[in-house]
Amino acid sequence: MKRNRVEMMTDTSQKSVIPITVLKILLAGFLGMVGAGFSSLQAGEVSPEMVERLEQMERQTAALREELAVLKASKGFEEGTPVPEAQNPTKLEKTIPAEEISATIEQEIQKAAWRKGETWIRPYGMVWAAVTAGDSRFLPNDAVIRALPDDAYGQSVCTVSVRRSRLGVDFSGPEMPFWGNPTMGGKVEIDFMGELGTAENKPSVLLRHAYWEMKNDCYRVLVGQTEDVISPLTPGMLNYYNGWFAGNIGYRNPQIQLARYFYPSNHVRMELQTAICQIYGSDFSSYDHPGSYPTVQARLGWTIARNDTDLYPIRFGISGHIGQQDYTMPIGGISRDLTITSWSVNVDGQVPITNRFGIQGEFFHGQGLSGLGGGVDQSLDYSFTRGGTLKSIHSTGGWVEVWWDWTEKLRWTVGYGKDDPLDSDMEGASIRENSVIYANCVYQFTPFLRTGLEYSYWKTLYAAGNPGGEQGKASVVEWMWQFEF
């Protein structure tokens, strides 16, 4: 089985010995960071927080090596010569194999988790508080999807919300003795953004993730609810909805996902992913129901590292989906069954220019996309007041952003997104275009505490004669605090 660079760098098959005083320094400096990053490592993600901790670990490791070299020189040992067993462990240093160090660190990590049989369970959460203010009203009230028409909804608005806060559990099981010795794991995560229109202090629960997975370096099998395979990138917006219905498509849906990984070279990984899923939620959620066959999603992607120590690899891919959406609509006093096809073709890319500066974005084209965050929440061309063609609506859009880290703790992000339904498909549907320009900065006090400020300008175009006006514009400022535990 081919191993990735991380495994090669952490191979401990060659025994080494380290003085106990160095071990104490290593444990004191690293255990907190390793424990905090355990969840991200289990999920296979490399977040900015993990990058910061890895860089700090590298600096501390270099300092420890210098101290060890001085110690050896003072005792008359040449470079590469192991320190011998202490003659009197009560007064002199004792040597410990590197394997025992790894085992000790792993034991400390597990102290932060629960155990049930052979399964480790680690709870986590995040308190996410935000103040959002705009010079014109937007939908919904505590975060932004689009601007409402100015003529009827031009009043300023300000909201305070903690509904975005999250609670979750990561779990990991033993290595399986078959199919390449995969490891098992999973996640269950909720927030409190379930039902729009509820009072801020009486939120409803939203299930974000609930899945089980089995994976190794060559494949992954996942069963449950998590992010869609298509368009996997996420804009760096502070807005909860991340540009959905403004250029960013892809949501979280129940699925059975299979992924296969190939390694053409030491620095390249190719990913082939496919999923059978069901897309829920549409522009007429009270009248829709699943189609006669499930939705199929697929993506072919590449991850390219520029060298053996590249923490910011280049990622890009192409993806698509096809499925059905059924409706039972009350039209003219009669219930009428309708079926539309939903499909998309998508491109995604993430290119770090340096370790502190990069660009990323996505592009999509398709039809019947409201259940995936596209078409400005319009799949079927129909209005109870205006009628319509009763056909699916095509839409084209995407988003692009640039980020740069001014310091290790301060990141700036600037981006643009747009969702543009095809006008010729729309007779009854009323929203013709939705776009956003945003800029934010986030300051990381610690790996667990951050604050951020974002400005966004939203512009939404409506059909001629639309009640309330034909255009909505909103300048929105958001200040947020996040505390992870």
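In what follows, the structure referred to is the one given above.
Rules used throughout
Residues numbered from 1 in each chain as written. Predicted model: local features only at pLDDT ≥ 70, side-chain atom pairs only at ≥ 80, totals over all residues. Heavy atoms only, no water. Helix = DSSP H or I, 4+ residues; strand = E, 2+ residues; numbered from the N terminus. Buried < 20%, exposed > 50% of the residue type's maximum accessible area, 1.4 Å probe, protein only. Contact = heavy atoms within 4.5 Å. Phe/Tyr/Trp six-rings, centres within 6.5 Å; stacked < 30°, edge-to-face > 60°. Lys NZ or Arg CZ within 6 Å of the ring centre and 35° of its normal. Salt bridge = Lys/Arg side-chain N within 4 Å of Asp/Glu carboxyl O. Patch = residues over 30% accessible without salt bridge, like charges linked within 9 Å, V, L, I, M, F, W, Y side chains within 5 Å. Areas by Shrake-Rupley, 256 points an atom, 1.4 Å probe, with all protein chains shown as cover. Polar contact = N/O pair within 3.5 Å; in protein donor to acceptor, adjacent residues only side chain to side chain. Pairing = 2+ DSSP bridges. Core = buried A, V, L, I, M, F, W, Y, C linked by side-chain atoms within 4.5 Å.

Engineer: So what exactly am I meant to see when it comes to the environment of L196 here?
Structural biologist: Tracing the backbone shows L196 in the loop between β9 (183-191) and β10 (206-215). Classification of L196 as partly exposed rests on a relative accessible area of 48%. A sequence separation of 57 residues divides L196 from L139, and the C-alpha atoms of the two residues are 9.5 Å apart. Excluding residues that lie within four positions of it along the chain, L196 makes contacts with P140 and Y241.

Engineer: Can you walk me through the packing of aromatic side chains in this structure?
Structural biologist: Under the counting rule described, the total for this entry stands at 12 aromatic pairs. Grouping aromatic residues by their ring pairs yields a cluster made of W128, Y240, Y241, W244 and Y251. One Lys or Arg, R269, reaches over the ring of Y261 and ends 4.3 Å from the middle of that ring.

Engineer: What should I look at first to understand the pattern of salt bridges in this one?
Structural biologist: Two side chains bearing opposite charge may form a pair once their charged atoms approach each other closely. This structure, assessed with the given rule, holds 14 salt bridges. Its salt-bridge partner being R163, residue D142 comes within 3.5 Å of it at the nearest N-O pair. Residue D142 is found in the loop between β5 (138-139) and β6 (146-147), and its partner R163 is found in the loop between β7 (157-161) and β8 (166-175); the two are separated by 21 residues along the sequence. The class of D142 is buried, set by a relative accessible area of 2%. Residue R163 is classed as buried on the basis of its relative accessible area, which comes to 3%.

Engineer: What is the right way to look at a nonpolar patch on the surface in this model?
Structural biologist: Taken together, the side chains of V131, V160, Y443, F445, L453, Y455, V477, W479 and W481 present a nonpolar region at the surface, about 820 Å² in accessible area. Counting residues per element, the nonpolar patch draws most heavily on strand β23 (residues 471-484), at three residues. The class for F445 is partly exposed, based on a relative accessible area of 37%.

Engineer: Quick question: what am I supposed to make of the side chain of D348 here?
Structural biologist: Considering the arrangement of structural elements, one finds D348 in strand β17 (residues 334-352). For D348, the side chain forms a polar contact with the side chain of R299, separated by 2.9 Å. Not counting residues within four places of it along the chain, the set of residues in contact with D348 comprises P232, L233, R299, R315, F316, G317, I318, G361 and E362.

Engineer: Just checking my understanding: could you explain the environment of R115 for this structure?
Structural biologist: Among the secondary structure elements, R115 is positioned in strand β3 (residues 114-116). Here R115 falls in the exposed class, since its relative accessible area comes to 54%. For R115 and G173, which are 58 residues apart along the polypeptide, the C-alpha to C-alpha distance reads 9.8 Å. A polar contact of 2.8 Å, which involves the side chain of R115, links it to the backbone oxygen of G117.

Engineer: I tried to follow the environment of N307 on my own but got confused; where do I start?
Structural biologist: Following the sequence through the fold, N307 ends up in the loop between β15 (295-304) and β16 (314-331). According to the relative accessible area criterion, N307 is partly exposed, its value standing at 35%. Separated by 41 residues in the primary sequence, N307 and N266 place their C-alpha atoms 9.1 Å from one another.

Engineer: What exactly am I supposed to notice about the side chain of S395 here?
Structural biologist: Assignment of secondary structure puts S395 in strand β19 (residues 394-405). A distance of 2.5 Å separates a polar atom in the side chain of S395 from a polar atom in the side chain of D419. Setting aside residues no more than four positions away along its own chain, S395 makes contact with F364, H365, G366, L369, G375, D419, D420, P421 and L422.

Engineer: Just to check I follow, could you spell out unusual backbone geometry for this structure?
Structural biologist: A negative phi holds for most residues other than glycine; trans holds for most peptide bonds. A cis geometry characterises the amide bond from L139 onward to P140, with omega recorded as -10°. With respect to the secondary-structure elements, P140 resides in the loop between β5 and β6. At W179, a position not held by glycine, the phi torsion is positive, near 50°. Note on placement: W179 falls in the loop between β8 and β9. Accessibility expressed as a relative area gives 61% for W179, which makes it exposed.

Engineer: Looking at this model, I keep getting lost on the pairing of strand β18 (residues 357-367). Mind explaining?
Structural biologist: Working note: regular strand, side chains alternate between the two faces of the sheet. Summarising the sheet, β17 and β18 pair through 10 bridges and their orientation is antiparallel. By the bridge assignment for β18, D348 is matched with E362. Counted along the chain from β17 to the antiparallel partner β18, the turn is four residues long. Strand direction decides the pairing type here: β18 and β19, joined by 11 bridges, are antiparallel. Across the sheet, residue I359 finds its bridge partner in β19, namely V402.

Engineer: Sorry, what's going on with the nonpolar core here?
Structural biologist: Side chains of a nonpolar character, in soluble globular proteins, are inclined to be buried together. Ranked by internal contacts, the top residues of the largest apolar core, which has 14 residues, are W128, M193, Y240, Y241 and M480. Per element, the largest residue contribution to this core is three residues, and it comes from strand β4 (residues 119-134). Excluding residues that lie within four positions of it along the chain, M193 makes contacts with D142, R163, R164, S204, L206, Y240 and Y241.

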